[in-house]
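Structural overview for review
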Amino acid sequence: MNRSTLTLALAGSLASAIASTAFAAPLAPEKMVGNEKCYGIALKGQNDCAAGPGTTCAGTSTMDYQGNAWKAVPAGTCVSMNVNGHKGMLAPVKS
Amino acid sequence: MTMTFQDSQNAFASALLHPDLPLPHGITTARGTADPLRFAIYRNNVHVSLTMALAQRFPVTQRLVGSDFFTGMARVYAADHKPASPLMMHYGDDFPAFIAAFPPAASVAYLADVAQIEVAWSEAYHAADGPPLEIAQLAAIAPERIADLVVIPHLSTRLVRSDFPVGSIWSAHQDETVMPVGEWRAEAVLIVRPEMQVEIRILPEGDGEFLACLLGGATLGDAAEAAFAVAADFDFGSALTGLTMLGAFSAFEPSEGEVS
């Protein structure tokens, strides 16, 4: 596509998208919230309010500092999650 | 010889982080001799704290592999990656890269990308506030200039693209019961916080390519052409208005090559 054809196509596409959303006037924030749900696939849990790590007093000693040789295998939901046969595997890992 | 306060602090910190070093000078107990087992408690506290900080920042990653595996992996990471900043919200920024190169995690191929969503989530959460671009500003752009504009992303905008449905996997783990994940396919996930709440969206295929190009500094015209190339049904207008309404951008400006 040459540049001027592209420019025309983009401008037309944008104009019709803006027209179809009927947003001629500036949007009120609360209106934006309702309308944006139309685009993309909204996911659960996005309003999580965890403030991130470092907000609790962590670190109660169990005195196992030297005993951390690697040996675990994945054993969480990746093993059981139903994803069309794409499960996590429980292959033993040699340390 | 007297150590300065700073020397003494550095020696203490260094001994904390390196179990093979001798106990720092000047450590004593009530009985008068230093006790390596007691000092090991402090060493352990450092490691437990770092591991727990990772578990808080990567809850879905932890659920995916279970807490035993996660804790073991986090300890290996923490052994070589100490916080670069006292702000613990930044700790683990490169944990996804570590996971990707961690052989025991290789069987869970999507793990690193899910962790990347969790990094993006906390980065978006802590990003500076800023007003997102509004649709009215988009409508005011002269049509002949559109193709040559570049975007300035919103400070909280992050895009995670994966060969795996990592947005769906992340979402499936937000409730107590793990939901089934639908179609097994690549996903592009937008993470953004235009107001107070972090929004996470799975973008249509062409739109993921479009946004990736824009975030890389491409003009709207070049990004649109790249998106058309990967998705014939790419709709420039709805992609641009959709991303704008989600708050992904803060402004448009002419590209450097344009004479204005």
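Residues numbered from 1 in each chain as written. Chains lettered and ligands numbered in written order. Predicted model: local features only at pLDDT ≥ 70, side-chain atom pairs only at ≥ 80, totals over all residues. Heavy atoms only, no water.

The name given to chain B in an unreviewed UniProt entry is DUF2063 domain-containing protein, with the source organism recorded as Rhizobium straminoryzae.

For chain A, an unreviewed UniProt entry supplies the name DUF2282 domain-containing protein and the organism Rhizobium straminoryzae.

With respect to the overall build of chain B
Counting secondary structure elements, chain B contains 11 helices and five strands. The C-alpha atoms of chain B give a radius of gyration of 24 Å, which is well past the 18 Å a tight globule of 260 residues would have. Counting only C-alpha atoms and orienting by the principal axes, one finds that chain B spans roughly 80 × 45 × 30 Å. Put simply, 67% of the contacts in chain B that link residues at least 6 apart link residues at least 24 apart. Here chain B displays about 11700 Å² of accessible surface, and carbon together with sulfur accounts for 55% of that area. If you average the places of the 13 positive and of the 31 negative side-chain charges in chain B, the two averages end up 15 Å apart. (Helix = DSSP H or I, 4+ residues; strand = E, 2+ residues; numbered from the N terminus. Rg over C-alpha atoms; globule rule 2.2 N^0.38 Å. Contact = heavy atoms within 4.5 Å. Areas by Shrake-Rupley, 256 points an atom, 1.4 Å probe, with all protein chains shown as cover. Lys, Arg positive; Asp, Glu negative; His and termini not counted. Charge placed at Lys NZ, Arg CZ, Asp CG, Glu CD.)

Digging into the pairing of strand S4 (residues 199-203) of chain B
Residue and element names in this part refer to chain B. Most of S4 sits out of view: five of its five residues are buried. Here S4 shows no split at all, with Glu199, Arg201 and Leu203 on one side and Ile200 and Ile202 on the other all buried. In the sheet, strand S3 (residues 187-192) pairs with S4 via five bridges, with the strands oriented antiparallel. Paired with Ala188 across the bridge in S4 is Leu203. (Buried < 20%, exposed > 50% of the residue type's maximum accessible area, 1.4 Å probe, protein only. Pairing = 2+ DSSP bridges.)

Things to note about the pattern of salt bridges
Oppositely charged side chains may form a pair once their charged atoms are brought near each other. Residues and elements named next belong to chain B. Scanning the entire structure with this criterion turns up seven salt bridges over all chains. In this structure, Asp129 engages Arg193 in a salt bridge whose closest nitrogen and oxygen atoms are separated by 3.0 Å. Taken together, the residues span a long stretch of sequence, with Asp129 in the loop between helix H6 (111-126) and helix H7 (135-139) and Arg193 in the loop between S3 and S4 at a distance of 64 residues. You can call Asp129 exposed: its relative accessible area is 61%. (Salt bridge = Lys/Arg side-chain N within 4 Å of Asp/Glu carboxyl O.)

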